Amino acid sequence: MTISVTERAELRSAVRALLHDECTEADVRRVMTSPDGFDRALWAKLAAQGVPGLLVEPEYGGVGLGALELEAVAEETGAALLPAPFLSSAVLTVALIQSAGTEADKQRLLPRLADGTAIGTVAVTGARGTWTEDAVDIRAGADATLTGTAHYVIFGQIAEVILVIAVTDDGPAVFEVASDAPGFQRTAATVFDATSPLSTYTFTATPARRIGTAGWDAVQQALDLAVIAMAGEQAGGTRRIFDMTVEYLKTRIQFGRPIGSFQALKHMAADLLLQVESATSAAQHAADRYQDPETRPGAVALAGFACAEAYVETAMQAIQMHGGIGFTWEHPAHLFLRRARTGLLLFGDSAAHRERYLLSKGA
């Protein structure tokens, strides 16, 4: 479904207002150390706005919007540092079911994901964490049992809809595993960013059910949407930490004048503004190009490294520009830096995205 620019702005404004009220810094710090790692009540309110079902077609209980709306909403979730299974459930799981699943799979799984009553995740990559076809370390037997290990499973500890990418004799395929399946073990990983919990999944002759007949192309299509959503979050986070820093420069007084009047800090702020605008442009361009199979790989790859690097650089410089207070754990700049550094590796690192970008250009 296509909506107007005005309607898209209204959607993101509604999400921004909700997160402004119910995803404050204090809320983030409280929720990220909770057993679930997210606020189920807030997730239900986001579901009422259509966020978990943003990509789900209306016949399965969703809103049926596309990459442009996804990126716009992601900018708001990133600015708020929302600790929630947005990337794992609302994006990666939903996109994979829609690209690989049969009609029966969609009718059975998508409504619960769309209304937020079920949380989904996808186990894709092995220990190398390259998020590529050759990094899949789980093998599917002829009897559809799975054996192997998957790493970096987002919100893996609490997911109820669990999809697994496994290698078959015919190449990678998508399987569904019950949360209580025999031989299935999930282990919480030690993470740098507590707002983005990760798990390791281990399978030992675990019974599974194949989802559709699609292979890696369907997985890549879902991963591209996940990269776009994460790029949107990174662009939103970059802008938010920049705005916080500019406000600090205006109000912090040294030697009788705001420190933002100092020439060195003006230059630093100007450089960061370029990072903000570049990240936003890259994320929005990737969303705009998603429906075009010719230009999508390059646009997504560009967003994959440009937004991640801009976020890390801006967060690091913001801490420096805040002076002593910026180096304390009590200051929110550290939350943004941790989120930024996690995103630098999730769904592939900058080197992998750069290589894909060059390949898309025939280099």
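Residues numbered from 1 in each chain as written. Predicted model: local features only at pLDDT ≥ 70, side-chain atom pairs only at ≥ 80, totals over all residues. Heavy atoms only, no water.

An unreviewed UniProt entry annotates the chain as Acyl-CoA dehydrogenase of Mycolicibacterium frederiksbergense. You can read under Cofactor (unreviewed entry) in the UniProt record for the chain the words "FAD". UniProt, in its Sequence similarities (unreviewed entry) section for the chain, records the words "Belongs to the acyl-CoA dehydrogenase family." (UniProt positions renumbered as here; feature names shortened; annotations may be inferred.)

With that settled, consider the nonpolar core. With 94 residues, the main nonpolar core has Leu 46, Phe 86, Leu 96, Ile 165 and Phe 347 as its most contacted residues. Broken down by element, this core gets its largest block of residues, 15 residues, from helix α7 (residues 216-251). Dropping the residues within four chain positions of it, Ile 165 is found in contact with Leu 96, Val 122, Ala 123, Val 124, Val 136, Ile 138, Pro 172, Ala 173, Val 174, Trp 216 and Val 219. If you look at the next biggest cluster of nonpolar residues, it comprises 19 residues, including Ala 123, Ala 140, Val 153 and Ala 173. (Core = buried A, V, L, I, M, F, W, Y, C linked by side-chain atoms within 4.5 Å. Buried < 20%, exposed > 50% of the residue type's maximum accessible area, 1.4 Å probe, protein only. Helix = DSSP H or I, 4+ residues; strand = E, 2+ residues; numbered from the N terminus. Contact = heavy atoms within 4.5 Å.)

Turning our eyes to something else, we now look at empty space enclosed by the protein. Tallied over the entire structure, the rule returns 2 cavities of 30 Å³ or more. Empty space within the largest cavity amounts to approximately 210 Å³. In this structure, the largest cavity is lined by 20 residues; those nearest its centre are Leu 87, Ser 196, Glu 233, Arg 339 and Leu 346. Elements that contribute at least two residues to the lining of the largest cavity include exactly α5 (86-100), α7 and α10 (333-343). For the lining of the largest cavity, a count of residues per class yields 10 nonpolar, 7 polar and 3 charged. Roughly 50 Å³ of volume is contained in the second largest cavity. (1 Å grid on protein atoms, 1.4 Å probe; cavity = no way out; pocket = protein on both sides within 12 Å on 5 of 7 lines; lining within 4 Å. Points joined across faces, edges and corners; volume = space filled by probe spheres on them. Nonpolar A, V, L, I, M, F, W, Y, C, P; charged D, E, K, R; others polar.)

Another aspect to go through is the packing of helix α9 (residues 296-321) against α10. The N-to-C vectors of α9 and α10 enclose an angle of 155°; their axes lie 9 Å apart at closest approach. With respect to each other, α9 and α10 are oriented roughly antiparallel. Where α9 crosses over α10, the two elements pack in a sense that is left-handed. Contact residues: Ala 308, Tyr 311, Val 312, Ala 315, Met 316 and Ile 319 in α9; Ala 333, His 334, Phe 336, Leu 337, Arg 339, Ala 340, Arg 341 and Gly 343 in α10. Residue composition of the contact of α9 with α10, grouped by class: 10 nonpolar, 2 polar and 2 charged. (Axes fitted to C-alpha atoms, helices over the stretch in contact; angles between N-to-C directions. Parallel < 35°, antiparallel > 145°, perpendicular 65-115°, else oblique. Left-handed = near helix turned anticlockwise from the far one by under 90°.)

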